[in-house]
There are 2 protein chains.
Amino acid sequence: MNVYQGATEEELRRFQQKANEKYEKYQAENLNLNMARGKPCPEQLDLSNGLYNDIKTLIDENGTDCRNYGGVEGLPETRKLFADLLNVKVEELIIGGNSSLNIMYDNLARAFNHGVDEKSTPWSKLEKVKFLCPSPGYDRHFAICELFGIEMINIPMQNNGPDMDRIEELVKEDESIKGIWCVPKYSNPTGVVYTDEVVNRLAAMETKANDFRIFWDNAYIVHHLTDNPPRLKNILHACREYKNPDRVYIYVSTSKITFAGAGLGVFASSKKNIDYIVSLISKQTIGPNKINQLLHTRFFKTVDGILEHMKKHAAIIKPKFDLVLEIMEKELADKNIARWSNPKGGYFINLDVMEGCAGRVVQLAKEAGVTLTKAGATYPYGKDPADTNIRIAPTLPPIKELEKAINIVTVCIEKATLDKILK
Amino acid sequence: MNVYQGATEEELRRFQQKANEKYEKYQAENLNLNMARGKPCPEQLDLSNGLYNDIKTLIDENGTDCRNYGGVEGLPETRKLFADLLNVKVEELIIGGNSSLNIMYDNLARAFNHGVDEKSTPWSKLEKVKFLCPSPGYDRHFAICELFGIEMINIPMQNNGPDMDRIEELVKEDESIKGIWCVPKYSNPTGVVYTDEVVNRLAAMETKANDFRIFWDNAYIVHHLTDNPPRLKNILHACREYKNPDRVYIYVSTSKITFAGAGLGVFASSKKNIDYIVSLISKQTIGPNKINQLLHTRFFKTVDGILEHMKKHAAIIKPKFDLVLEIMEKELADKNIARWSNPKGGYFINLDVMEGCAGRVVQLAKEAGVTLTKAGATYPYGKDPADTNIRIAPTLPPIKELEKAINIVTVCIEKATLDKILK
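Quick caveat: nothing in here was measured; it's all calculated off a predicted structure.

About the criteria used
- Residues numbered from 1 in each chain as written.
- Chains lettered and ligands numbered in written order.
- Predicted model: local features only at pLDDT ≥ 70, side-chain atom pairs only at ≥ 80, totals over all residues.
- Heavy atoms only, no water.
- Least-squares fit on C-alpha atoms with pLDDT ≥ 70 in both.
- Contact = heavy atoms within 4.5 Å.
- Helix = DSSP H or I, 4+ residues; strand = E, 2+ residues; numbered from the N terminus.
- Expected span 1.5 Å × (residues − 1).
- Buried < 20%, exposed > 50% of the residue type's maximum accessible area, 1.4 Å probe, protein only.
- Arc of directions from axis to C-beta.
- Salt bridge = Lys/Arg side-chain N within 4 Å of Asp/Glu carboxyl O.

**Q** What am I meant to see in the relation of the copies chain A and chain B here?
**A** Both copies of the chain are placed relative to one another by a rotation about an axis and a shift along it. Overlaying chain A on chain B yields an RMSD of 0.0 Å, the required transformation being a rotation through 180° with an accompanying axial translation of 0.0 Å. Expressed as a symmetry operation, the mapping of one chain copy onto the other fits a two-fold axis. Within chain A, the C-alpha atom positioned nearest to the axis of rotation is that of A:S124, 3.2 Å from it. Interface residue correspondence from chain A to chain B reaches 100%, placing this contact among same-surface, isologous pairings.

**Q** Can you help me understand helix α1 (residues 9–27) of chain A in this one?
**A** Since there are 3.6 residues in each turn of an α-helix, residues three or four apart along the chain are aligned in direction. Residues and elements named next belong to chain A. Spanning 19 residues, α1 covers 26 Å between terminal C-alpha atoms, matching the ideal 27 Å at 1.5 Å per step. Among all positions in α1, only L12, Q16, A19, Y23 and Y26 are buried. Buried residues along α1 cover an arc of 85° about the axis, so they all sit on one side. Those residues of α1 that are exposed and aimed more than 90 degrees away from the buried face are E10, R14, K18 and K25. The inward-facing, buried residues of α1 contact α12 (358–367) and α13 (399–421).

**Q** Would you mind going over the environment of B:E169 with me for this structure?
**A** Counting through the fold element by element, B:E169 comes out in helix α6 (residues 164–173). In this structure, the C-alpha to C-alpha distance between B:E169 and B:M205, residues 36 residues apart in sequence, is 9.4 Å.

**Q** I would appreciate a short explanation of unusual backbone geometry in the present structure.
**A** Of all residues except glycine, most have a negative phi; of all peptide bonds, most are trans. A cis amide bond links A:N188 to the next residue, A:P189, at an omega of 0°. Relative to the helices and strands, A:P189 resides in the loop between β6 (177–182) and α7 (196–204). The linkage connecting B:S135 with the following residue, B:P136, adopts the cis geometry, with an omega of 0°. For B:P136, the position within the fold is in the loop between β3 (130–135) and α5 (139–147). For A:Y186, which is not a glycine, the phi torsion comes out positive at approximately 50°. Within the secondary structure, A:Y186 is located in the loop between β6 and α7. A residue is classified by how much of its surface remains accessible, and A:Y186, at 1% relative accessible area, is buried.

**Q** Is there a simple way to think about the pattern of salt bridges in this case?
**A** Pairs may arise between side chains of opposite charge once their charged atoms sit close together. Summed over all chains, the structure comprises 58 salt bridges over all chains. B:R37 is the partner of B:D139 in a salt bridge, and the nearest nitrogen-oxygen pair spans 2.9 Å. One end of the pair, B:D139, is in helix α5; the other, B:R37, is in the loop between β1 (33–35) and α2 (42–46), and 102 residues separate them in sequence. Using a relative accessible area of 17% as the deciding quantity, one classes B:D139 as buried. Overall, the relative accessible area of 28% leaves B:R37 in the partly exposed class. Of the charged contacts in the structure, one is a salt bridge between B:D246 and B:K272, with a shortest N-O distance of 3.7 Å. Here B:K272 lies in helix α9 (residues 271–284) and B:D246 lies in the loop between α8 (235–241) and β8 (248–253), a separation of 26 residues in the sequence. The network of salt bridges with common partners includes A:K22, A:K330, A:E331, A:K335 and A:E414.

Below, the structure is given as structure tokens:
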């Protein structure tokens, strides 16, 4: 980056002086603002308070008493609703508890303990297991890998998805590469939507490992910030089309549709995978919380019900995204010291600062009372090789706090950049 | 057993003839009665319909918005309630999702993937893992072992708990024995309550394996059928007392207190174990369904609230137990062809028939329209070595159906016994 458009050292020192003054002023305010996680704000949660209104009977439309045991796959009517949403068949999908992350973890744990199907070697019996990690990505995916001792291989994220040339080259040669993490729509944190070409190549590519799995975390499937949302190709269809029908595990959740802590996790895959995994889950539990599934189904009724509901979310959070972008534009654009995304959906704005400055920015912000996501968190092992990436999560803070917080962040970026180039 | 008090062959043939006639009459009724599982009946579930009444705010007493993310250990006020119930400290207990079986499974999966603490070898790295299985016992415990390839060792259940001499002898010598399944109160299916001596010996015994764990499924902790319930010694205290503080994993659930499919699972252990397991769970999920925890806590308020509620359960199911015992007494006692338990709590009546007859009885019952728990299900690998044990689950059927079903079962017992001794 040609920072400050090639200003002289004297000019830069003046900018530094000004940034320092602003920063110290903010510090003196003793703020305590938290933007660390992609959490919905209370107004968003209020949108779903009606979930518990229709509780006169807890019997589903098939006559099943949802209060009692049973139904490992989830309620038929809930499966139908989400099968419609995902455009898969009912038998290609199950509904779990309140956490799709937990379903991802469980699928990984199952692969380690039992293998991905009847014939495959459990991964715990292998010398080495590796996963491809498009980065920047979601820290909780990487944390699961780290816990299981999986070696993570960094794959650069591009504007259309992860670097497919690199991926194809690696998976063709290395049998110990067993999977890849993908957030294919409004990717966490970059906001990228995978193009059809990327989806097709992931579905079609030759993998040395027969038990390779794509962990497809479609967390933001309906979390649009525009009226004309981009389309994502259906990867289950693509995998079938390219004769790798069992390659993908798809995850969706209502955590950012209804209640972040009390929604539904959804898992879709080929019928073969679903049947195998249900056979394992049936040893693990007598069934998920069907009442919550029933109430969700009654609340939304149809896919249109979900889409209408998501428009109300957008109406609350879009102004927050706009505010962040506006402040960054105003404070940073002409200085050429940062680049940021303008996402069409999802929960994050991706911010890249000068190499070697991200950690310092996050630290400075913290010392001025603004907690950001830890620098490096968006990379495997928490290490951003270039130390440039910062994840901005605008949804939770009230708009006034957000305004203050982002103004502080922009000052921290100025200060960190100037301190670095003038040191 | 001195069946039919030493009747002559001719007398026996007359009994057989009569049993056959009764059996054929029942068969002609084309019944369809299910007593296979220990499920609560609708009237029991109705007792908790008030759970969803108090939903005006979903903020807990500490100001936490239960709708949002977070709180891996569970809500503090819910932990407090169940810590009081279990007589452990709040930090020795966490609250999970709707299934305590799932917590057991997870702890086993974690032991396989990560070891029971930072220093222990993950069980997946060992040649062989064995578990002690007091039998008859709970089929779902055994199914989890089977799934993980754990070798199950049958331990005879006695009137005071499992055969401790045998257990002590085995665990002292064999490092591959890593655990034992226990249902210590109103044991499934025998109804046995472990005596203080058994609890003490389990807590104190010398184990060759340093990472030996007692899986203490206290499923029926408050599920009394009498006004003066027997006391069970606190095993967490006993383990501390005998200097094996980290030996026990305790499980409790509200599945048979509130809603079988939508209750709360509870896990208690030493603070060291809890801290370690919470560190693993925090990679697995962002937190359990806190709303359900909040509603449960508001519904019961105190331990007394739970105990009062359980009296209402007893009022519904005690007459069902009494009816089964009465019919068996009337139809079988003088014939000396079966023995059964008279449990002071829990969900089952344990029935032992003549050796080699249990499978036949269950089959005959099925053919007359009464589904019982599969014969052998109460033993590891589904194999009852003597083929004598049948689990009677009286809670689910309406009293009229139950009466019919048990009358049929008694005829099936007569028929199977006579067919066997006269063949």
